[in-house]
Amino acid sequence: ITITITDTDTITNTVTVTPTLTGRALEYLRPLEKLRSLSVAQNINIGDIGLRALSPQLTDLNLSECRISDAGLDDLDHMVNLRSLTLINCPRVTRGGVEQVKQDLPALRVVRV
């Protein structure tokens, strides 16, 4: 598998990936222990599959314009360090799903929908 990283910031440990990444490929990012911020925005190949594999060390996650649903949000419950979650233009995510992820992740302070 090839993951193309389009932007990195070593100060904030941020990675932005190309919009061709699949949900199953997210597991290959988990060993990046210093990764704190991940954007897979505008990636229609990202759905609910693979979200469970994301690193619990992430503090910022952008899933905007991905094909995730409330079921996928349920799989984020292991991300105890997550402080910011962006879900702009995710039509399969409901208000109830957002409220549930807020309850599941007490460190979560910012949710953009």
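What counts as what
- Residues numbered from 1 in each chain as written.
- Predicted model: local features only at pLDDT ≥ 70, side-chain atom pairs only at ≥ 80, totals over all residues.
- Heavy atoms only, no water.
- Helix = DSSP H or I, 4+ residues; strand = E, 2+ residues; numbered from the N terminus.
- Buried < 20%, exposed > 50% of the residue type's maximum accessible area, 1.4 Å probe, protein only.
- Contact = heavy atoms within 4.5 Å.
- Areas by Shrake-Rupley, 256 points an atom, 1.4 Å probe, with all protein chains shown as cover.
- Arc of directions from axis to C-beta.
- Polar contact = N/O pair within 3.5 Å; in protein donor to acceptor, adjacent residues only side chain to side chain.

Enquirer: Go over the overall build of the protein with me, naming the residues and quoting the values.
Expert: A count of helical and extended segments in the protein gives 2 helices and 6 strands. Going from the N terminus to the C terminus, the protein shows its helices and strands as β-β-β-β-α-β-α-β. Counting over 113 residues, the protein shows a buried share of 41%. If you take every contact in the protein between residues at least 6 apart in sequence, the share linking residues at least 24 apart comes to 44%. Working note: accessible area of the protein is about 6300 Å², and carbon and sulfur atoms make up 49% of it.

Enquirer: An account of the side chain of Thr86 is requested, with residue identities and associated values reported.
Expert: In this fold, Thr86 is placed in strand 5 (residues 84-86). The exposure class assigned to Thr86 is buried, which follows from its relative accessible area of 7%. Beyond its immediate stretch of four places on either side in the chain, Thr86 contacts Leu61, Asn62, Leu63, Ser64 and Arg112.

Enquirer: I'd love a proper account of unusual backbone geometry, names of residues and values included.
Expert: A positive phi is found at Gln42, a non-glycine position, where the angle reads about 60°. Relative to the assigned elements, Gln42 resides in the loop between strand 3 (37-39) and strand 4 (60-62). Taking the relative accessible area as the measure of exposure, Gln42 reaches 53% and is therefore exposed. Non-glycine residue Glu65 carries a positive phi angle of around 60°. Residue placement: Glu65 occurs in the loop between strand 4 and helix 1 (70-74). For Glu65, a relative accessible area of 33% puts it in the partly exposed group.

Enquirer: Break down helix 2 (residues 95-104) for me, citing the residues and quoting the values.
Expert: Where helix 2 is concerned, the buried positions are Gly97, Val98 and Val101. Projection of helix 2 onto a plane perpendicular to its axis shows the buried side chains occupying an angular sector of 100°, all on one side. Turned more than 90 degrees away from the buried face of helix 2 sit Arg95 and Gln103, all of them exposed. For helix 2, the secondary structure elements touched by its buried residues are helix 1, strand 5 and strand 6 (110-112).

Enquirer: Please provide a residue-by-residue account of the environment of Ile44, values included.
Expert: Along the chain, the position of Ile44 falls in the loop between strand 3 and strand 4. In sequence terms Ile44 and Leu21 are 23 residues apart; their C-alpha atoms lie 8.7 Å from each other. In this view, Ile44 contacts Glu65 and Arg67; residues no more than four positions away in its chain are not counted.

Enquirer: So what's going on with the side chain of Ser37? Which residues, and what values?
Expert: Following the sequence through the fold, Ser37 ends up in strand 3. In this structure the side chain of Ser37 is engaged in a polar contact, spanning 2.9 Å, whose partner is the side chain of Asp60.

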